[in-house]
Amino acid sequence: MKSVCIIGAGLCGGYLAKELLINKNLKIKVIDIDSINDKFKSKILKNIYSNNHNNITFIDKIIKGYGFGGNSNYWHGGLTEFDDFDLNKLDFFLDYNFSTELKKYYIETWKSLDIENVSTNHLNYKSLYKIFKKSGYFNFKKILLQYSPLKTRSILHKLKNNKNLELIENAICLNLNKDKEKKIKSITIFSEGLLKEIKSDYFVLASGSFETPRILLQSINHGNLKLNNKNIGCNLIDHPFLKIGEIKNIFKTKTKLNYYKNNISNNISLSLAFSFVEDLKNNKLNHSLVLRPHINNEVIEIKANLKKYFNDRNYKNLLKLLIVKLYRFDLFFKLIKLILIKKINSGSKVDVFLHFDQLSSKENKVILTNNKDEYMRYIPKIIFGNNQNEKFTITTASNLIKSLLKNSNYEYKENKNLSNFFYHGNHFSGTARISSDNKTGVVDKNLKVHGLSNLYICDSSVIPLFGSSNPVFTLITLSKRLAKHLNNVIT
Ligand SMILES: Cc1cc2nc3c(=O)[nH]c(=O)nc-3n(C[C@H](O)[C@H](O)[C@H](O)COP(=O)(O)OP(=O)(O)OC[C@H]3O[C@@H](n4cnc5c(N)ncnc54)[C@H](O)[C@@H]3O)c2cc1C
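Residues numbered from 1 in each chain as written. Predicted model: local features only at pLDDT ≥ 70, side-chain atom pairs only at ≥ 80, totals over all residues.

## Some details on the overall build of the chain
No. 1: Helices and strands together make up the secondary structure of the chain, namely 14 helices and 17 strands.
No. 2: Relative to its full complement of 491 residues, the chain shows a buried share of 41%.
No. 3: A separation of at least 24 residues holds for 75% of the contacts in the chain among residues at least 6 apart in sequence. (Helix = DSSP H or I, 4+ residues; strand = E, 2+ residues; numbered from the N terminus. Buried ≥ 20, exposed ≤ 12 C-beta atoms within 10 Å, placed from the backbone. Contact = placed C-beta atoms within 7 Å.)

## Some points on helix H4 (residues 84–94)
No. 1: Of all the positions in H4, only Phe-85, Asp-86, Leu-87 and Leu-90 are classed as buried.
No. 2: Against the buried residues of H4 lie helix H5 (98–112) and helix H9 (277–281).
No. 3: Asp-95, located one to two residues past H4, shows a positive phi value of around 60°.

## As for helix H1 (residues 11–20)
No. 1: For H1, a buried count of ten out of ten residues is recorded, marking the element as mostly surrounded by other parts of the structure.
No. 2: On its buried face, H1 sits against strand S1 (2–7), strand S2 (26–31), helix H7 (152–159), strand S5 (165–168), strand S9 (202–205) and helix H14 (472–490).

## Describing the site of the ligand
No. 1: Near the ligand, the surroundings consist of 39 residues, among which Gly-8, Gly-10, Gly-70, Asn-71 and Gly-78 are the closest.
No. 2: Elements supplying a minimum of two residues to the shell around the ligand: H1, strand S6 (171–178), helix H8 (208–221) and H14.
No. 3: Class assignment of the residues belonging to the shell around the ligand gives a composition of 17 nonpolar, 17 polar and five charged. (Near = placed C-beta within 6 Å. Nonpolar A, V, L, I, M, F, W, Y, C, P; charged D, E, K, R; others polar.)

## Focus: the pairing of S6
The side chains of a regular strand alternate between the sheet's two faces.
No. 1: Burial runs high along S6: six of the eight residues are buried.
No. 2: Across seven bridges, S6 lies against strand S7 (residues 184–191) in antiparallel orientation. In the sheet register, Ala-171 faces S7, and the bridge partner there is Ser-191.
No. 3: Hairpin connection of S6 to S7: five residues between the antiparallel strands. (Pairing = 2+ DSSP bridges.)

## A word on the nonpolar core
No. 1: Ile-6, Ile-7, Leu-16, Phe-203, Val-204, Ile-457 and Cys-458 are the most contacted members of the largest nonpolar core, which totals 96 residues.
No. 2: At eight residues, H14 tops the list of elements feeding residues into this core.
No. 3: Residues contacting Cys-458, with those up to four places away along its chain left out, are Cys-12, Gly-13, Leu-16, Val-204, Ala-206, Leu-447, Leu-478, Ser-479 and Leu-482. (Core = buried A, V, L, I, M, F, W, Y, C linked by C-beta atoms within 7 Å.)

## Quick notes on the environment of Ile-143
No. 1: Among the structural elements, Ile-143 can be located in strand S4 (residues 138–146).
No. 2: Among the residues examined, Ile-143 registers 21 C-beta atoms within 10 Å and is labelled buried.
No. 3: Each C-alpha atom, one on Ile-143 and one on Gly-77, is 9.8 Å from the other, the two residues being 66 residues apart in sequence.
No. 4: Residues within four places of Ile-143 in sequence aside, it is in contact with Gly-78, Thr-80, Ser-271, Ala-273 and Val-290.

## Considerations on the sheet that holds S4
No. 1: Read across the open sheet, the seven strands follow the order S3-S4-S11-S12-S13-S10-S16; overall the sheet is antiparallel. Each end of this open sheet is capped by a strand with a single partner; those strands are strand S3 (78–79) and strand S16 (410–414).
No. 2: In this sheet, S4 lies alongside S3 in antiparallel orientation, the contact comprising two bridges. Bridged to Gly-78 within S4 is Leu-145.

## Some details on unusual backbone geometry
No. 1: Here Asp-114, not a glycine, exhibits a phi torsion of approximately 65°, which is positive.
No. 2: Note on placement: Asp-114 falls in the loop between H5 and helix H6 (126–134).
No. 3: A positive phi angle, near 50°, is found at Asn-170, a position not held by glycine.
No. 4: Mapped onto the elements, Asn-170 comes out in the loop between S5 and S6.

## Description of the confidence of the model for the chain
Any residue range with low pLDDT should be treated as having predicted coordinates unsuitable for detailed reading.
No. 1: Averaged over every residue, the pLDDT of the chain is 86; residues scoring 70 or more account for 86%.
No. 2: Here residues 54–60 is modelled with pLDDT under 50, and outside its nearest four sequence neighbours on either side it reaches nine contacts, counting other chains as well. (pLDDT = per-residue confidence, 0-100.)

## A few points about the environment of Val-472
No. 1: Looking at the element boundaries, Val-472 is found in helix H14.
No. 2: With 24 C-beta atoms counted inside 10 Å, the residue Val-472 sits in the buried group.
No. 3: Between the C-alpha atom of Val-472 and that of Glu-81, which follows or precedes it by 391 residues, the distance is 9.1 Å.

## Thoughts on the packing of H4 against H5
No. 1: One can describe the packing of H4 onto H5 by two numbers: an axis separation of 8 Å at closest approach and a directional angle of 125°. With respect to their mutual orientation, H4 and H5 come out oblique. Two secondary-structure elements touch here, H4 through Leu-87, Asn-88, Leu-90, Asp-91 and Leu-94 and H5 through Phe-98, Ser-99 and Leu-102. (Axes fitted to C-alpha atoms, helices over the stretch in contact; angles between N-to-C directions. Parallel < 35°, antiparallel > 145°, perpendicular 65-115°, else oblique.)

## Considerations on the sheet that holds S7
No. 1: Read across the open sheet, the three strands follow the order S6-S7-S8; overall the sheet is antiparallel. Strands with a single pairing partner mark the edges of an open sheet, and in this sheet they are S6 and strand S8 (194–199). Strand-to-strand, the axes of this sheet are offset by a mean angle of 30°, without reference to chain direction.

In structure tokens form, the structure reads like this:
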């Protein structure tokens with residue numbers, strides 16, 4: 001029986017394992033750094049990313065999702081396809097009509113998630129939708145939101161007794177070891193205090209945008225892997241976003257701007273989002289606008305602190321928070337609403353968020369320092385900065401919205417206190433990007449590493465651009481596609 005070894009059981013690794021197990025003639029080994037029954041106990045990933053980075057204020061976020069399930073333990077459930085503008089760019093990277101193939105797989109992915117036939121009829125904010133759409137400046141963008149986002153940890157937990165699945169728990173991958181041919185013969189892992197070697201016929205790196213390039217670079221540095229590819233670790237991109245203003249219904253009609261109930265199903269809602277037509281015309285970046293029900297940040301902050309103090313059993317601070325903050329009845333009732341019925345809409349206001357597409361650049365990257373940790377891993381360094389012209393985009397978008405809403409029932413108030421701080425989108429990618437040519441990328445159209453015959457990469461590092469899209473929907477699709485490809489290659 002042939003075997004496939006998946007390194008990392010996050011969103012992609014977990015989903016890929018599930019899809020591969022459909023083939024009863026395959027043995028699947030899945031490695032991750034905690035135990036499937038004992039959530040988030042491992043600190044070994046967290047430690048390596050805790051220092052040594054330039055300009056980085058987001059370390060806690062990027063290493064949030066580790067252990068079985070990876071970032072799928074934390075993600076927000078936003079699902080969207082790459083649009084035509086993004087797909088055309090992907091075709092350019094791959095030098096063939098990849099988009100036509102991907103679109104066919106997209107249809108299968110919607111089916112497998114049980115979400116089909118969603119249209120703008122399911123939207124709330126219909127009058128706002130009409131104003132934006134009619135103006136000709138915006139393209140509607142279908143973003144669906146799962147209330148209970150898919151968690152691959154739960155999927156693997158259900159499959160753990162499958163006799164074709166071997167979960168290698170509490171283990172960290174250190175090195176890939178190549179034989180004389182163009183093949184990986186084994187990997188070295190550290191588990192239960194020992195170095196061990198795991199053999200397999202095929203290997204899939206699914207360790208995420210930071211660990212996947214780090215493992216590759218480390219194996220090259222150790223001399224275990226000969227691979228001449230200058231793109232490994234480079235071209236790191238994210239999807240930063242920022243609240244740029246608020247739209248208020250000045251006539252206070254009874255139309256509630258309710259986010260959470262719009263008749264699709266109990267688990268799904270449709271968000272009001274747009275990409276910019278003008279950007280597309282000029283072949284520039286594909287930024288997008290997302291309109292969400294107004295959230296009282298104070299309430300969100302109180303909720304986060306309550307949870308934190310409760311978990312840490314910090315009863316002194318818990319009490320202080322209750323006394324100091326919750327004497328205000330308005331905040332108290334909003335908090336109860338948020339916790340109990342997940343309703344955080346104000347009824348007459350929406351927040352306007354701008355999500356930024358970013359140009360990839362060789363300057364933004366993951367590199368290895370000369371320092372090693374106790375597991376003999378080279379400590380990585382992340383170099384990352386925002387693009388310079390994002391302020392211009394904010395002003396242009398705000399002016400456009402203001403002029404659109406001039407003679408309507410709505411009023412736009414731009415956020416005057418924009419600091420330099422952007423929320424990082426948690427969508428890091430690009431560090432082992434897909435390309436037909438090993439001079440510009442790391443994996444080919446089938447996600448196989450250029451120059452090796454049995455090593456694949458299946459995680460967010462392969463995505464070269466985001467455009468206006470969240471990654472998970474495309475990542476699930478790529479995992480499904482890779483499962484099919486491996487089945488064909490192996491059988
Ligand atoms: C708060 C938050 C909200 C988000 N919301 C959304 C959203 O609404 N929509 C959307 O599309 N995306 C969202 N994302 C992004 C999305 O979750 C990620 O893009 C996605 O999970 C990436 O999947 P991955 O398989 O590449 O990596 P991960 O899910 O990070 O998995 C990597 C796995 O590899 C394991 N690993 C790492 N190194 C090693 C090693 N050396 N040995 C063994 N195992 C290892 C890790 O433990 C982990 O399990 C969000 C992310 C966060 C953090």
